[in-house]
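Examining the three-dimensional arrangement
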Amino acid sequence: MKEPKASDIKKYLYGITKLNKKYVTSERLSRVVGIYPEVINENLSYFEPMLKMDPEYNLMELVPTLKKFLVDQEENKALVKSQKIAIRKKDVEKYDSINDFVYKKMTSVGGLLDRNIVLSDTDLRILKKLIAEEQANRKNKK
């Protein structure tokens, strides 16, 4: 089952807390949020799989789980954004062309192409810059 979007979970959590009821069903929540109860059940079944079968399930029981999910999402989001890789011009200038890059990075000792090589994110960014330069050179020649 795929993970629900954080924006949808925020919307559901806001609707549940806004109702100020002890017992909130997906039908009641759908009137506040404006989404069909079946869609709400589908999204929230990630946290409680029995929700699809029980239309009278109390969604107030899911509030702590939803809050924890949102906190975890924010932490993961912060970690992902901080891992930006910078490519400098001197890194790109090590290679004369795309062919030179392939020869240096993707061949074994005998000059044979190694099909099992896995390029790192840095290598892929360098290759992307080399491709952009090659395209610019070809465009200028026309």
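For the structure, see preceding data.
Just so you know, these numbers come straight off a predicted model, no measurement behind them. (Residues numbered from 1 in each chain as written. Predicted model: local features only at pLDDT ≥ 70, side-chain atom pairs only at ≥ 80, totals over all residues. Heavy atoms only, no water.)

**Details of the pattern of salt bridges**
Taken as a whole and judged by the stated rule, the model has 7 salt bridges. Here Glu 27 ties to Arg 31 by a salt bridge, and the two come within 4.0 Å at their closest N and O atoms. Note that Glu 27 and Arg 31 are positioned in helix 2 (residues 26–33) at a spacing of 4 residues, about one turn of the helix. With a shortest N-O distance of 3.4 Å, Glu 134 and Arg 138 are connected by a salt bridge. Of this pair, Glu 134 and Arg 138 both sit in helix 7 (residues 121–141), 4 residues apart, roughly one helical turn. (Salt bridge = Lys/Arg side-chain N within 4 Å of Asp/Glu carboxyl O. Helix = DSSP H or I, 4+ residues; strand = E, 2+ residues; numbered from the N terminus.)

**Observations concerning helix 7**
Here helix 7 spans 31 Å end to end across 21 residues, near enough to the 30 Å set by a 1.5 Å rise per residue. When we look at burial in helix 7, the residues that qualify are Asp 123, Ile 126, Leu 127 and Leu 130. End-on view of helix 7: buried residues confined to an arc of 100 degrees, all on one side of the axis. Facing away from the buried side of helix 7, by more than 90 degrees, are the exposed residues Asp 121, Lys 128, Gln 135, Lys 139 and Asn 140. In this structure, the buried residues of helix 7 make contact with helix 5 (89–92) and helix 6 (98–106). (Expected span 1.5 Å × (residues − 1). Buried < 20%, exposed > 50% of the residue type's maximum accessible area, 1.4 Å probe, protein only. Arc of directions from axis to C-beta. Contact = heavy atoms within 4.5 Å.)

**Side note on the nonpolar core**
Proteins that are soluble and globular tend to have nonpolar side chains buried together. Ile 9, Tyr 12, Leu 29, Leu 44, Leu 59, Leu 62 and Leu 66 are the most contacted members of the largest nonpolar core, which has 20 residues in total. For this core, the elements supplying multiple residues, two or more each, are helix 1 (6–19), helix 2, helix 3 (37–44) and helix 4 (63–81). Take this core: its biggest share by element is 5 residues, from helix 1. Residues within four places of Leu 62 in sequence aside, it is in contact with Leu 44, Phe 47, Glu 48, Leu 51 and Tyr 57. (Core = buried A, V, L, I, M, F, W, Y, C linked by side-chain atoms within 4.5 Å.)

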